[in-house]
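# Structural overview
Single-letter residue listing:
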Amino acid sequence: MKISVLTPTYNRSNLLDNLYKSLIENLNYGVEIEWLIMNDGSTDNTEEKIEKKEVKKENKKKEIKFEKPVEGKILKEFAKENLVFSNTLNEWTTHSGIDISADKTTIVKSAYEGTVEAIKNDPRYGLTVIIAHQDGYKTIYSNLLTAEFVAEGEKISTGQTIGTVGNTATFEIADESHLHFEILKDNNQVDPTIYIKY
């Protein structure tokens with residue numbers, strides 16, 4: 001949208017300043033304002049363009065809404081400051097994500113759109129896919145059986161298949177079949193249940 005403002009040549013500096021301030025206060029972003037000076041000393045009503053300013057459109061970031069990577073109940077809660085008992089290690093330990101019950105070979109889906117940052121074999125949590133999202137978020141999917149559905153550097157959409165549930169996490173080998181799932185914000189683990197309701 002463009003608005004043209006016609007102003008006389010006399011006292012034009014103050015008029016331009018006042019009009020510009022008034023329009024900026026009352027118009028939405030994305031409006032292009034074109035200032036014109038009216039040459040009131042002539043008979044042909046000649047208009048001289050003297051200034052053109054554009055108010056930049058505000059870029060609104062898309063709100064992140066994570067979805068469930070698999071359906072199932074939570075077997076082990078997030079425990080960054082507290083401790084949970086590990087059946088595999090036979091001791092109390094922290095837990096950087098949540099374990100979601102799911103049968104072996106269950107399809108695992110991306111919780112949100114992003115880019116596959118890494119596919120690796122983690123010595124503790126087995127076959128793992130890491131997806132980077134906007135605003136410093138990452139999601140981590142571990143204890144996978146397969147991950148051949150995606151490749152590193154690939155851009156993926158919310159709900160896209162990224163792998164299947166397995167039993168590759170050596171630190172959780174004694175637990176029933178599940179997906180180990182983490183959410184990171186600026187490389188710090190956060191409780192996934194803050195963003196996803198199970």
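First things first, this report covers the structure right here in the doc.

This part is about the environment of I183. Secondary-structure assignment places I183 in strand β14 (residues 178-185). Separated by 42 residues in sequence, I183 and Y141 place their C-alpha atoms 9.2 Å apart. If we skip the residues at most four places from it in the chain, I183 touches F66, Y137, K138, T139, N188, Q189, V190, P192 and Y195.

With six of seven residues buried, strand β10 (residues 126-132) lies mostly within the body of the structure. Judged from the seven bridges that link them, strand β9 (residues 114-122) and β10 form a sheet pairing that is antiparallel. Across the sheet, N121 pairs through a bridge with L127, a residue of β10. In this structure, β10 lies alongside strand β11 (residues 137-146), joined through five bridges in antiparallel fashion. Along β11, the bridge assignment pairs I131 with T139. The antiparallel hairpin formed by β10 and β11 contains four residues in its connecting segment, where D135 sits at a positive phi of about 60 degrees.

What follows concerns the layout of surface pockets. Estimated volume of the largest pocket: approximately 160 Å³. Breaking the lining of the largest pocket down by element, the ones donating at least two residues are β9, β10, β11 and β14. Within the lining of the largest pocket, the residues separate by chemical class into four nonpolar, four polar and four charged.

Tallied over the entire structure, the rule returns six aromatic pairs. With a centroid separation of 5.7 Å and an interplanar angle of 85 degrees, the aromatic rings of F66 and Y195 are classed as edge-to-face. Placement of the pair is F66 in the loop between β3 (47-54) and β4 (74-76) and Y195 in the segment after β15 (188-190), with a sequence separation of 129 residues. When its relative accessible area of 8% is taken as the criterion, F66 is described as buried. Judged by its relative accessible area of 30%, Y195 falls in the partly exposed class. Centroid distance Y141 to F181: 5.3 Å. Interplanar angle 55 degrees. Geometry classified as tilted. Highlighted residues: Y141 in strand β11 and F181 in strand β14, separated in sequence by 40 residues. Of the two residues, Y141 and F181, neither departs from the other in class, the shared state being buried. By way of ring pairs, the aromatic residues F66, Y112, Y137 and Y195 are connected into one cluster.

Rules used throughout
- Residues numbered from 1 in each chain as written.
- Predicted model: local features only at pLDDT ≥ 70, side-chain atom pairs only at ≥ 80, totals over all residues.
- Heavy atoms only, no water.
- Helix = DSSP H or I, 4+ residues; strand = E, 2+ residues; numbered from the N terminus.
- Contact = heavy atoms within 4.5 Å.
- Buried < 20%, exposed > 50% of the residue type's maximum accessible area, 1.4 Å probe, protein only.
- Pairing = 2+ DSSP bridges.
- 1 Å grid on protein atoms, 1.4 Å probe; cavity = no way out; pocket = protein on both sides within 12 Å on 5 of 7 lines; lining within 4 Å.
- Points joined across faces, edges and corners; volume = space filled by probe spheres on them.
- Nonpolar A, V, L, I, M, F, W, Y, C, P; charged D, E, K, R; others polar.
- Phe/Tyr/Trp six-rings, centres within 6.5 Å; stacked < 30°, edge-to-face > 60°.

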